[in-house]
Amino acid sequence: MEIRLRAENCTICGACEAACPYDAVVMGNDGPQFTDECTVCGACVEACPADALYIDKEEEVSSHSQRQKGAGDVWVFAEQRDGKLLDVVMELMGEGRRLASQLGVSLGCLLLGGEVDHLVQELFEFGADQVYAGCAPELKHYRDDLYAQVVEHAVRQYRPEILLIGGTSNGRSLAPRVATKLGTGLTADCTGFALDEDGNLLQTRPAFGGNLMATIRCPNHRPQMATVRPKVFPKPARQPGRQGQVIALELPAFKPWQRILEIVDGADTGPNLAEADIVVAGGRGLGSPANFRLVEELASALGAAVGASRAVVDAGWVSYPHQVGQTGRTVAPKIYIACGISGAIQHIVGMQSSEVIVAINSDPDAPIFNIATYGIVGKVEEVIPALIREIKGSTSQ
Amino acid sequence: MHIVACIKQVPDPSQARIDRETGLVIREGVDKIINPYDLHALEEAVRIKEARGGKVTALSMGPRAAEQVLRDAVAMGADQGILLSDRRFAGADTLATSYTLARAIAKLGDVDLVICGKQAVDGDTAQVGPGIAANLDLPHITQVRKIRELTDSKLVAEKLTDRGYEVVEVSLPAVITVVKELNEPRIPGLRGMMRAKKAEIPVWGPEDIEAEADRIGLKGSPTQVWRTFEPERHRKGEMLEGTPEEQAAALWQRLRAL
Ligand SMILES: Cc1cc2nc3c(=O)[nH]c(=O)nc-3n(C[C@H](O)[C@H](O)[C@H](O)COP(=O)(O)OP(=O)(O)OC[C@H]3O[C@@H](n4cnc5c(N)ncnc54)[C@H](O)[C@@H]3O)c2cc1C
Ligand SMILES: Nc1ncnc2c1ncn2[C@@H]1O[C@H](COP(=O)(O)O)[C@@H](O)[C@H]1O
């Protein structure tokens, strides 16, 4: 399969060159020439105003096997810390697998580290067909400079169609740097993916203010890049014994521009919201910082972690690490109790995967009730103390 | 030392609305404020200038009305404010925005440090800071919560991570993005306000920054809003009725059974 020119139609206008997401079109005196970078994506054909380009599907039968390894595939960045894969990697692989199947392509994982051999099998068992592995002592810990250089290099070499990156603090630093270098689009904090009829990735995320979702497309540039917060997608089942292929990445010459002097873990990270089985969260409906104590008391009676909406974090009632939502943490506890929280979409995307959601709100029309398993229309200052009494009464029996 | 603080004017998040047709934010009739994180960026820039000497330039891309946040910046102690405003800049996604801001920084020429907020509260992408750095081929550090050391040639900062923090050293010039823990933004004094009122705010267009026409605005934006929609709304849960005591009892009975 390749792009062919109807030279008699070509006006050498350059539209194809401008449209090419891979910089694979070079304008010559007789019309466009296609470099090895071409993936036959068809953007130039689409852009040509003179109908001078077409896709020659002659060799269609063998196109899949002829295609360079990786080109057109779905990739997941497999972030590891201290030699362990982060859960968000597996969560993304579940989505990645689904998209790859629909597109009829492979799922690749991009794995960087000091030593990564022990993680490769795990990635296969969670659905990777290929693991692109880059090993070097310098890559042991995540660092912006070298990781960005290796990812950019690998993408240029293998040209995946889609690249998904976990929205961790590292991922959110890496993804925009790489996307900018590649000159492609990047959608932050997606909560859902689909494909349009042309195979473009439809990336859904909450939109600014109010209860709206937006679906974003990046039709003319590749790869299509997106970040996704942890716990937004479920972790797929592991398939023991599943096999795949390891491809050793050829590493670019490192150009370091930073030094990490110290890594301090476990300090100041705040409440262990992400792992808690129960989260009690408070919002502006509590009325005052003093009343926020009610939430803390309820949490302590239940052995729960304390969460909050952004409204009260912004107001300074409680510190940022407690914030749940699009800009805070995503949580998925067994029980989530929302007290005086309206249920704005930016909050909901951070807790909607909780197994049981309880909402206590004085406004019967508050959107939070639409996702609540149990809803209580009432005043927090009355319901919470009553609930604490119930809990204490039953546990002291 | 020449420090650039990138500040964005955003609609007050509590008043925001969206145009259902275009999927774009309706900017009319909504109060505009300086992006809260950018106040911390500005404050840090001014503190560095006060401690070491030098100058602070506040830079913003947006409609003409965004001039206001640059005046606010001057009131807080910035030496000058520059507005990137032109019809052709409109509709920029983060790629086009970072390119445009980077071009302006390149035009300023002698910049040692660029400070951005961690993210803008309207789009919440946190992409523009690293994007500017990538455009200029400069080091970047995200989520800086403390500057430990700053000399003419290097910066050592504490960067917030998911598990704690890291101490990172980069050479200057560099780009950092900052979190709220970094500092407490000042309230401008009367003198600052007077200065702000009189300040000239130059407006730069694509030609002034020698920007390539197909890398700015809507044209330079690979991502497109395809559609917007309201999330599904259906009440599937059980409402617990009665007095607060009855409601609490009913709830506890159900939670205990889990
Ligand atoms: C880009 C962007 C990102 C955002 N990210 C986040 C995020 O990560 N997390 C987040 O939470 N928000 C986020 N927001 C903000 C979000 O849109 C809402 O503004 C916020 O969640 C509202 O917080 P709230 O529910 O506490 O306050 P409100 O919306 O003011 O709701 C208070 C609720 O309390 C109820 N109430 C009042 N009095 C009582 C009473 N006595 N007893 C019981 N109920 C009472 C009211 O009926 C109301 O429903 C974001 C916004 C934007 C634009
Ligand atoms: N239009 C803009 N003008 C100036 N600075 C901006 C603009 N957009 C983003 N920034 C800067 O980039 C940071 C991150 O923005 P964002 O990537 O949109 O979340 C902001 O806190 C600002 O410092």
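These numbers were taken from a predicted model, which means no experiment stands behind them.

1. Topic: the pattern of salt bridges
Next up, step 1: Evaluation of the coordinates by the stated rule reveals 40 salt bridges over all chains.
Next up, step 2: Among the ionic pairs, Asp265(A) bridges to Arg163(B), the shortest N-O distance being 3.2 Å. Pair noted here: Asp265(A) is in strand E17 (residues 258-265) and Arg163(B) is in the loop between strand E8 (154-160) and strand E9 (164-171), and the two residues belong to different chains.
Next up, step 3: A salt bridge links Lys49(B) to Asp79(B); its shortest N-O distance comes to 3.3 Å. With a gap of 30 residues between them, Lys49(B) in helix H1 (residues 36-52) and Asp79(B) in the loop between helix H2 (67-76) and strand E5 (80-84) connect regions that are remote in the sequence.
Next up, step 4: Classification of Asp79(B) by relative accessible area gives partly exposed; the value is 36%.

2. Points about the side chain of Glu91(A)
All names here are of chain A.
Next up, step 1: With respect to the helices, strands and loops of the structure, Glu 91 is situated in helix H4 (residues 87-103).
Next up, step 2: One buried charged side chain, Glu 91, makes no salt bridge at all; its nearest oppositely charged neighbour is Lys 231, positioned 6.7 Å away.
Next up, step 3: Every residue in contact with Glu 91, bar those within four places of it in the chain, is listed here: Arg 229, Pro 230, Lys 231, Val 232, Phe 233, Pro 234, Lys 235 and Pro 236.

3. Details of the site of ligand 2
All names here are of chain B.
Next up, step 1: In the region of ligand 2, 18 residues are neighbours, and Cys 6, Asp 38, Ala 120, Thr 125 and Gln 127 sit closest.
Next up, step 2: Backbone polar atom of Ile 7 to a nitrogen atom of ligand 2: 3.5 Å apart, as the coordinates give it.
Next up, step 3: Relative to its unbound accessible surface of 480 Å², ligand 2 loses 97% to contact with the protein.
Next up, step 4: Elements represented by at least two residues in the shell around ligand 2 include exactly strand E4 (55-61), helix H3 (94-108) and strand E6 (113-117).
Next up, step 5: Of all the elements, E4 adds the most residues to the shell around ligand 2, at three residues.
Next up, step 6: Considering only residue class, the shell around ligand 2 consists of nine nonpolar, seven polar and two charged.

4. Focus on the domain arrangement of chain A
All names here are of chain A.
Next up, step 1: Once the domains are mapped, chain A shows domain 1 (2-60), domain 2 (74-248) and domain 3 (278-391).
Next up, step 2: Computed from C-alpha atoms alone, the centre-to-centre distance between domain 2 and domain 3 is 32 Å.
Next up, step 3: On the domain 3 side, the residues contacting the 15 residues of domain 2 number twelve residues.
Next up, step 4: Counting across the domain 2 and domain 3 interface gives zero salt bridges.
Next up, step 5: Linking domain 2 to domain 3 there are one residue pair in polar contact (both at pLDDT 80 or more).
Next up, step 6: Tallied by class, the residues present in the side of domain 2 that touches domain 3 amount to seven nonpolar, four polar and four charged.

5. Examining the interface of chain B and chain A
Next up, step 1: Across the contact, 73 residues belong to chain B and 79 residues belong to chain A.
Next up, step 2: Summing both partners gives a buried area of about 6,800 Å² for chain B against chain A, and 56% of it is carried by carbon and sulfur.
Next up, step 3: For chain B, the biggest contributors to the area lost against chain A are Arg163(B), Trp226(B) and Trp252(B); these three give 11% of the whole.
Next up, step 4: Viewed at the interface, chain A and chain B are joined by nine salt bridges.
Next up, step 5: Inspection of the region where chain B meets chain A yields 25 residue pairs in polar contact (both at pLDDT 80 or more).
Next up, step 6: When contributions to the side of chain B that touches chain A are tallied by element, the ones reaching two or more residues are helix H4 (128-136), strand E7 (140-150), E8, E9, strand E12 (224-229), strand E13 (238-239) and helix H6 (244-256) of chain B.
Next up, step 7: In terms of residue count, H6(B) provides more of the side of chain B that touches chain A than any other element does, ten residues in total.
Next up, step 8: Alignment of E17(A) against E9(B), held across seven bridges, turns out to be antiparallel. Bridged to Val264(A) within E9(B) is Tyr165(B).

6. Some points on the site of ligand 1
Next up, step 1: Ligand 1 sits among 30 residues. The nearest are Arg284(A), Ser309(A), Thr327(A), Ser342(A) and Asp124(B).
Next up, step 2: Positioned at a junction of chains, ligand 1 has nearby residues supplied by chains A and B.
Next up, step 3: Here Ser309(A) contributes a side-chain N or O atom positioned 2.5 Å from an oxygen atom of ligand 1.
Next up, step 4: Between ligand 1 and the protein, one listed contact pairs an oxygen atom with a backbone N or O atom of Gly328(A) at 3.3 Å.
Next up, step 5: Within the complex, 84% of the 980 Å² of free accessible area of ligand 1 lies under protein.
Next up, step 6: Among the elements of the structure, helix H9 (310-314), helix H10 (345-348) and helix H11 (380-396) of chain A are those that each provide at least two residues to the shell around ligand 1.
Next up, step 7: Of the residues in the shell around ligand 1, the class split is seven nonpolar, 16 polar and seven charged.

7. A short note on unusual backbone geometry
Most peptide bonds take the trans form, and the phi angle of most residues other than glycine is negative.
Next up, step 1: A cis amide bond links Arg222(A) with the next residue in sequence, Pro223(A), at an omega value of -5 degrees.
Next up, step 2: A cis geometry characterises the amide bond from Leu172(B) onward to Pro173(B), with omega recorded as -5 degrees.
Next up, step 3: The topology assignment puts Pro173(B) in the loop between E9 and strand E10 (174-178).
Next up, step 4: In this structure, Gln143(B) takes a positive phi of about 50 degrees despite not being glycine.
Next up, step 5: The residue Gln143(B) is located in strand E7 in this model.
Next up, step 6: Judged by relative accessible area, Gln143(B) falls into the buried class, the value being 15%.
Next up, step 7: Look at Glu210(B): it is not a glycine, yet its phi comes out positive at around 50 degrees.
Next up, step 8: Checked against the element boundaries, Glu210(B) lands in the loop between strand E11 (203-204) and E12.
Next up, step 9: The class of Glu210(B) is exposed, set by a relative accessible area of 59%.

8. As for the sheet that holds strand E14 (residues 213-217) of chain A
Next up, step 1: Taking strand neighbours across the sheet as the criterion, the four strands line up as E12(A)-E13(A)-E14(A)-E12(B) in an open arrangement whose pairing is antiparallel. Looking along the sheet, the strands with just one partner apiece sit at the ends: strand E12 (192-195) of chain A together with E12 of chain B. Within the sheet, the average angular offset between the axes of one strand and its neighbour, ignoring direction, is 25 degrees.
Next up, step 2: With five bridges connecting them, E14(A) and E12(B) associate as antiparallel partners. In the strand pairing of E12(B), Ile216(A) is matched with Val225(B).
Next up, step 3: Sheet strands in contact with H4(A) are E12 and strand E13 (201-206) of chain A, and its direction is about 5 degrees off that of E12(A).

9. Some details on the pairing of strand E19 (residues 305-308) of chain A
Residues and elements named next belong to chain A.
Next up, step 1: Side chains Ala 305 and Gly 307 project from E19 onto one buried face, and the interleaved Val 306 and Ala 308 project onto a second face that is buried too.
Next up, step 2: Here strand E18 (residues 278-282) pairs with E19 via four bridges, running parallel. Among the inter-strand pairings, Val 280 is bridged to a residue of E19, identified as Val 306.
Next up, step 3: Taking the sense of rotation as the criterion, the β-α-β connection linking E18, helix H8 (residues 289-302) and E19 turns out right-handed.

10. Some words on the packing of aromatic side chains
Next up, step 1: One pass over the structure, following the stated rule, counts six aromatic pairs over all chains.
Next up, step 2: On the numbers, 6.1 Å between centres and 45 degrees between planes, the contact of Trp75(A) with Tyr158(A) is tilted. Of this pair, Trp75(A) sits in strand E5 (residues 74-77) while Tyr158(A) sits in helix H6 (residues 144-158); the two residues are 83 residues apart in sequence, bridging distant segments of the chain.
Next up, step 3: A relative accessible area of 0% places Trp75(A) in the buried class.
Next up, step 4: In this structure Tyr158(A) comes out as buried when scored by relative accessible area, which is 9%.
Next up, step 5: Through a chain of ring-to-ring contacts, three or more aromatic side chains come together here, namely Trp75(A), Tyr132(A) and Tyr158(A).
Next up, step 6: A cation over a ring is seen here: Arg145(B) above Tyr165(B), with NZ or CZ 4.3 Å from the ring centre.
Next up, step 7: Geometry around Tyr37(B) places Lys180(B) over its ring, the cationic atom sitting 5.1 Å from the centre.

Cut-off values and rules
- Residues numbered from 1 in each chain as written.
- Chains lettered and ligands numbered in written order.
- Predicted model: local features only at pLDDT ≥ 70, side-chain atom pairs only at ≥ 80, totals over all residues.
- Heavy atoms only, no water.
- Salt bridge = Lys/Arg side-chain N within 4 Å of Asp/Glu carboxyl O.
- Helix = DSSP H or I, 4+ residues; strand = E, 2+ residues; numbered from the N terminus.
- Buried < 20%, exposed > 50% of the residue type's maximum accessible area, 1.4 Å probe, protein only.
- Lys, Arg positive; Asp, Glu negative; His and termini not counted.
- Contact = heavy atoms within 4.5 Å.
- Near = heavy atom within 4 Å.
- Polar contact = N/O pair within 3.5 Å; in protein donor to acceptor, adjacent residues only side chain to side chain.
- Areas by Shrake-Rupley, 256 points an atom, 1.4 Å probe, with all protein chains shown as cover.
- Nonpolar A, V, L, I, M, F, W, Y, C, P; charged D, E, K, R; others polar.
- Domains from an automatic or database assignment.
- Buried area = accessible area lost by both parts, 1.4 Å probe.
- Pairing = 2+ DSSP bridges.
- Axes fitted to C-alpha atoms, helices over the stretch in contact; angles between N-to-C directions.
- Right-handed = clockwise from strand over helix to strand, strands pointing away.
- Phe/Tyr/Trp six-rings, centres within 6.5 Å; stacked < 30°, edge-to-face > 60°.
- Lys NZ or Arg CZ within 6 Å of the ring centre and 35° of its normal.

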